[in-house]
Amino acid sequence: MLICDTHNDALLYLEKPMQPLNDESKHISIDKMRKGQVSLLTFAAFTCKKEGVSPLHWALREINAFYDLMELHKEDLVQAKCPSDVLSAVKSGKMAALLSTEGGDCLEGDANVLRLWHKLGVRMFGVTWSNDNELASCCMAKEDKGLTDFGRECVALCNELRMMLDLSHASDRTFFETVELSKQPILCSHSCARALAPDQMRNLTDEMLTVLGKTGGYVGVNLCHDFLVGGGYGQEHLASMEDVIRHIEHLCEYAGMSHVGIGSDFDGIERTPKGLEDVSKLCDLYEALLKRNFPEDAAKGIMGENFLVYWARVCG
């Protein structure tokens, strides 16, 4: 069985040169990946606007940390630049690592940087984080203006480069405008259902999920407590495996069972569900899906196969 996780933020704490994935207090480590039977993890180079910091340099620092990981853990990790790389890694007894960026701020208004990201091995591009930028409005926008002209240019360039377009943090208008403009299906790598947590604008509406499914896209369920059950709970409250399954069922109902997967957001979230505390527990989700009467093929699709099929559609 393939287990693919389409988003994590581990690079945020690995910015020191040559720092290995061996901190067992974090959600992700090599040992935990092995225990969780992981086939592919997606490592996001995160950037946003921050006073005194160049988003471009910030992204480069995290991309460098990713390549440090590849060197430090070459006995365990292989970089994936296409779906077949994942299958080859699994066949050789290794795990695949996909490089993404989160937040179009890292382009600093220059589309040529996107070409550079592709040359550096980035294969998934997050248009926004939870702040507006030169490309588009985000999910937290006070005024939803959708895509800018520069954003439209970058959507076209992602299509040209066969780079996956990630709209996890995008505003509703940005989402629909991007889906309409893009010649390739988009994804929301780490998102939940807004119908089940209505106070979370980060989550996707039923209409968004329906459009995503009809256009051949993908959504990975996020394991963040607030996205699963809503905000306002005390720190002692934790979401459960049951909450995760409820969201998966809802995503499947509207997007279609073959368009849903996992986008944990590990090491970028504070509270994780009981039973899915870190990457070592991802394999337990499969058993939970079977107990919920998901067909075996559907459960395997959600665990990882659906993402590889989606990625292959983008690759053409």
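Residues numbered from 1 in each chain as written. Predicted model: local features only at pLDDT ≥ 70, side-chain atom pairs only at ≥ 80, totals over all residues. Heavy atoms only, no water.

1. Quick notes on the overall build of the chain
Note the threshold: Think of it this way: any DSSP run of H or I at least four residues long counts as a helix, any run of E at least two long counts as a strand, and we number them from the N terminus. Taken over C-alpha atoms, the radius of gyration is set against a globule rule of 2.2 Å times the number of residues to the power 0.38. The rule is simple: take the accessible area with a 1.4 Å probe, protein chains only, and divide by the maximum for that residue type; under 20% is buried, over 50% is exposed, in between is partly exposed. A contact between two residues is defined here by any heavy atoms of the two lying within 4.5 Å. Neither His nor the chain ends is counted toward charge; the positive residues are Lys and Arg and the negative residues Asp and Glu. In plain terms, the charge of a residue is placed at NZ if it is Lys, CZ if Arg, CG if Asp and CD if Glu.
Broken down by element type, the chain carries eleven helices and nine strands. Relative to the 2.2 N^0.38 estimate, which gives 20 Å for 316 residues, the radius of gyration of the chain is 18 Å and therefore close to what a compact globule would have. Principal axes of the C-alpha set define a box for the chain whose edges measure 50 × 45 × 40 Å. Scored against the burial criterion, the 316 residues of the chain give a buried share of 59%. In the chain, of all internal contacts separated by at least 6 residues, the share reaching a separation of at least 24 is 71%. In the chain, the 32 positive side-chain charges and the 47 negative ones have mean positions that sit 3 Å from each other.

2. Here we look at the pairing of strand E1 (residues 4–8)
Where we set the bar: When DSSP finds at least two bridges between two strands, those strands are taken to pair. By convention, a crossover is right-handed whenever its connection, traced from the first strand over the helix to the second and viewed with the strands pointing away, goes clockwise.
Within E1, five of the five residues are buried, which leaves it mostly tucked inside the rest of the structure. Where E1 and strand E2 (residues 40–46) come together, three bridges link them in parallel fashion. Its bridge partner lying in E2, asparagine 8 is registered against phenylalanine 43. What joins E1 to E2 is helix H1 (residues 30–35), and the crossover it makes is right-handed.

3. Some words on helix H2 (residues 55–72)
Rule in force here: One less than the number of residues in a helix, times 1.5 Å, gives the span that helix is expected to have.
Helix length check: H2, at 18 residues, gives a terminal C-alpha distance of 26 Å against a target of 26 Å (1.5 Å per residue), a fit within 8%. Of the surrounding elements, those touching the buried residues of H2 are E2, strand E3 (77–79), strand E4 (95–102), helix H4 (112–119) and strand E5 (122–126).

4. Considering the state of the cysteines
Any covalent bond linking the sulfur atoms of two cysteines counts as a disulfide. Here is the rule we go by: Whenever a pair of cysteine sulfur atoms sits within 2.5 Å, that pair is classed as a disulfide.
Evaluation of the coordinates by the stated rule reveals zero disulfides. Just so you know, cysteine 139 is unpaired, no disulfide at all, and the nearest cysteine sulfur is the one on cysteine 138, 5.1 Å from it. Relative accessible area serves as the criterion here: at 8%, cysteine 139 is assigned to the buried category. Cysteine 139 supplies the cysteine sulfur nearest to cysteine 188, a cysteine that is in no disulfide, at a spacing of 11 Å.

5. Some points on the environment of leucine 290
Tracing the backbone through its elements, the reader meets leucine 290 in helix H10 (residues 282–291). Of the residues examined, leucine 290 reaches a relative accessible area of 28% and is grouped as partly exposed. Separated by ten residues in sequence, leucine 290 and lysine 300 have C-alpha atoms that sit 9.7 Å apart. Contacts of leucine 290, omitting those with residues within four sequence positions, involve Glu296 and Ala299.

6. Describing the environment of glycine 316
Relative to the elements of secondary structure, glycine 316 occurs in the segment after helix H11 (296–315). When the C-alpha positions of glycine 316 and arginine 162 are compared, they lie 7.8 Å apart, and in sequence the two are 154 residues distant.

7. Focus on the packing of helix H5 (residues 149–161) against helix H6 (residues 172–181)
Note the following rule: For helices, the fitted line uses only the C-alpha atoms of the stretch in contact; every axis is such a line through C-alpha atoms, and the angle between N-to-C directions lies from 0 to 180 degrees. Roughly parallel covers angles under 35 degrees, roughly antiparallel covers those over 145, roughly perpendicular covers 65 to 115, and oblique covers all other angles. By the definition used in this description, the sense in which the near helix is turned from the far one sets the handedness, with an anticlockwise turn below a right angle giving left-handed and a clockwise turn giving right-handed. Lys, Arg, Asp and Glu make up the charged group, whereas Ala, Val, Leu, Ile, Met, Phe, Trp, Tyr, Cys and Pro make up the nonpolar group; the residues left over, Gly among them, are polar.
Between H5 and H6, the least distance of the axes is 10 Å, while the angle of their chain directions is 45 degrees. Taken together, the axis directions place H5 and H6 in an arrangement best described as oblique. Pair H5 / H6 crosses with right-handed handedness. Of the residues in H6, those touching H5 at Arg152, Val155 and Asn159 are Glu177, Thr178 and Leu181. Class assignment for the residues of the contact of H5 with H6 results in two nonpolar, two polar and two charged.

8. Comments concerning unusual backbone geometry
Residue glutamate 108 is not a glycine yet carries a positive backbone phi of 50 degrees. Unlike most non-glycine residues, aspartate 265 shows phi in positive territory, near 70 degrees. As for its placement among the helices and strands, aspartate 265 is situated in the loop between strand E9 (260–262) and H10.

9. Regarding the environment of alanine 96
Checked against the element boundaries, alanine 96 lands in strand E4. Discounting residues that sit within four places of it in the chain, alanine 96 has contacts with Ser39, Leu40, Leu41, Val78, Ala80, Val86 and Ala89.

10. Observations regarding the pairing of E5
Burial within E5 is extensive, with five of its five residues counted as buried. Where E4 lies against E5, four bridges are found, and the strand directions are parallel. Opposite glutamate 102, over in E5, you have glycine 126 as the bridge partner. In this view, the connection linking E4 to its parallel neighbour E5 by way of H4 has right-handed handedness. As paired elements, E5 and strand E6 (residues 164–166) share three bridges and run parallel to each other. When the bridges of E6 are listed, methionine 124 appears paired with methionine 164. For the segment spanning E5, H5 and E6, crossover handedness is right-handed.

That's the geometry; what it means functionally is another story.
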